[in-house]
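Inside the fold
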Amino acid sequence: MTSWIKDGYNRFSNVYTSFYPPPNQIEPSEGGQEGEEKPPPPLRMGILGASNIAPIAVILPCKSHPGIMVTAVAARDKSKAISYSKKHGIPHVFDDYQSLIQDDGIDVIYNALPNALHHRWTLEAIKARKHVLLEKPSTSNREQTEEVFEAARQANVVVLEAFHYRFHPALHEFAFRLHSVLSPLNPLVSVKSTLKIPGSIPPETDIRFNYDLGGGATMDTGCYTVSSLLYTMRVAAGTWKREKWEDEVEVREARPTYFEPRHAASAAAPHLDRQGHFGVDEAMQATLLVPSARPQKIACLIDTALRTHLFTIPLIGWKVPFLVLPSLLATFKDGTTVEFKNFVAPFLWHSIITTHRGRTAEENKVKPGTRTYSKAYVPGENSGSDEMKRAAKDGHWAAGTGKEWWSTYRYQLEAFVRAVQKVRRDGLQFKDLEKESRGPQADVPVWVDSRESEIVMRCIDSIYEKAGMSRRP
């Protein structure tokens, strides 16, 4: 019990520090020992939109990173931007997005605008030769995503879609556990990714329910489920080529729950598509068939929702929220499962559970049904091992990188800053940066390739088409 209390206190303390991080420990202007090269000046970040996600995604992580600082914000309503800047200590406010993007005092852009505005304003940033950390989903549809990343490659500008969970050591430990179960005689047979928001946290007037702004569960929580199951397939389904996936990922079925406003004040047209049909999904269940190294494709399931309720209390009408932890579940031929609980925000808490059955139980000399538990808030003892290098697709961190309080966003920021600095310092082309090997010895140890962003968006489009719904405009 004492150990359990101590672990709980340490986790609480680290979560607290994630939201109240210590300041930079190294001043950007300081050099190292005599003769050592001084670190480059910090990158200056401008934020597009006074969004709710920006504080946890970039403002707080930047406070503990000596290589970048938030210096400016612009919003549709300047008065809102002024209030936002005072609250978060941002020194400069611009009249509009274009003015911020064009300013020579800005090096990188964080685009956290509504989904439908990602395409336009990321292209504007690319034209101005500004590197972009782009909130997911990258754009509203596959053609827009392809256009954005092609423009980035042509302009030699770093653009990263902010799938922050991909940068946390817990995901890399999950990959290691998957790989330890995998064998030619015990292949992966299914993957399920679940992410649901409990209750009615986004109000009905939220932009997530606005069709014209790129709303919908599949566009929001659903893009995490698509991304995570594709990553799991890469780890445990054998070798593959992205070019093959582009043409051969199929959506076998898609079952939407349409968003229907429950209150007259939010029953206006934004949730309808251009033909007046239901255009926004508040929940989606879909089955994707994904190519693997085996002759047959593997069935992967997503289950996602923007609001969920267990039941409604009679007479008073109160809805009891249905709480489901985000989960990434891989099942192998012998019945063994590896489940990653809370894969989307593992810095808060997570657990990687391997349930041993069949051949796996025999090889580990344990009773079938035995569970083993793993976790990784920082790179663990498996970091740098040959098996981790094979398992953790898109790289993993060297031992000693990060702190136990680093959030997924702080790890993501670390990779983004390293990538931008490498392109600026070495004159490397963005397209070549993406082709580099990943891992502890690389300048950019972890990355999410733009081609995968394109495939994720193609899958989302296909899910909507299979569901009989319009793609986002």
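The sections below set out a description of the structure shown in this document.

Re the overall build of the protein chain
The helix and strand tally for the protein chain stands at 14 helices and 15 strands. Sorting the 473 residues of the protein chain into buried and exposed places 56% on the buried side. Within the protein chain, counting contacts between residues at least 6 apart in sequence, those at least 24 apart form 71% of the total.

Quick look at the side chain of serine 140
Its place among the elements puts serine 140 in the loop between β5 (131-134) and α6 (142-155). On the accessibility criterion, serine 140 (1% relative accessible area) is buried. Apart from the residues lying within four places of it in its own chain, the contact partners of serine 140 are Asn115, Ala116, Met219, Met457, Asp461, Arg472 and Pro473.

Examining the packing of aromatic side chains
Summed over all chains, the structure comprises 12 aromatic pairs. Look at phenylalanine 163 and tyrosine 224: their rings are 5.9 Å apart centre to centre, the planes differ by 75°, and that puts the pair in the edge-to-face class. With phenylalanine 163 in the loop between β6 (159-161) and α7 (169-181) and tyrosine 224 in helix α8 (residues 221-236), the pair connects residues that are 61 residues apart, well separated along the chain. For the pair phenylalanine 163 and tyrosine 224, one class covers both residues: buried. For the ring pair phenylalanine 209 and phenylalanine 259, a centre distance of 4.3 Å and an interplane angle of 10° mean the geometry is stacked. One end of the pair, phenylalanine 209, is in the loop between β7 (188-198) and α8; the other, phenylalanine 259, is in the loop between β8 (250-258) and β9 (281-290), with 50 residues separating them in the sequence.

With respect to the environment of serine 85
One can find serine 85 in helix α3 (residues 78-88). Once residues within four sequence positions are removed from consideration, serine 85 is found in contact with Val73, Ile90 and Val93. For serine 85, the side chain forms a polar contact with the main-chain oxygen of isoleucine 82, separated by 2.7 Å.

Overview of the state of the cysteines
Within the structure shown, the criterion is met by 0 disulfides. Between cysteine 300, a cysteine without a disulfide, and cysteine 459, which holds the nearest cysteine sulfur, the sulfur-to-sulfur distance is 9.6 Å. On the accessibility criterion, cysteine 300 (0% relative accessible area) is buried.

Rules of the game
Residues numbered from 1 in each chain as written. Predicted model: local features only at pLDDT ≥ 70, side-chain atom pairs only at ≥ 80, totals over all residues. Heavy atoms only, no water. Helix = DSSP H or I, 4+ residues; strand = E, 2+ residues; numbered from the N terminus. Buried < 20%, exposed > 50% of the residue type's maximum accessible area, 1.4 Å probe, protein only. Contact = heavy atoms within 4.5 Å. Phe/Tyr/Trp six-rings, centres within 6.5 Å; stacked < 30°, edge-to-face > 60°. Polar contact = N/O pair within 3.5 Å; in protein donor to acceptor, adjacent residues only side chain to side chain. Disulfide = S-S within 2.5 Å.

The quantities given are spatial measurements derived from coordinates; they are silent on function.
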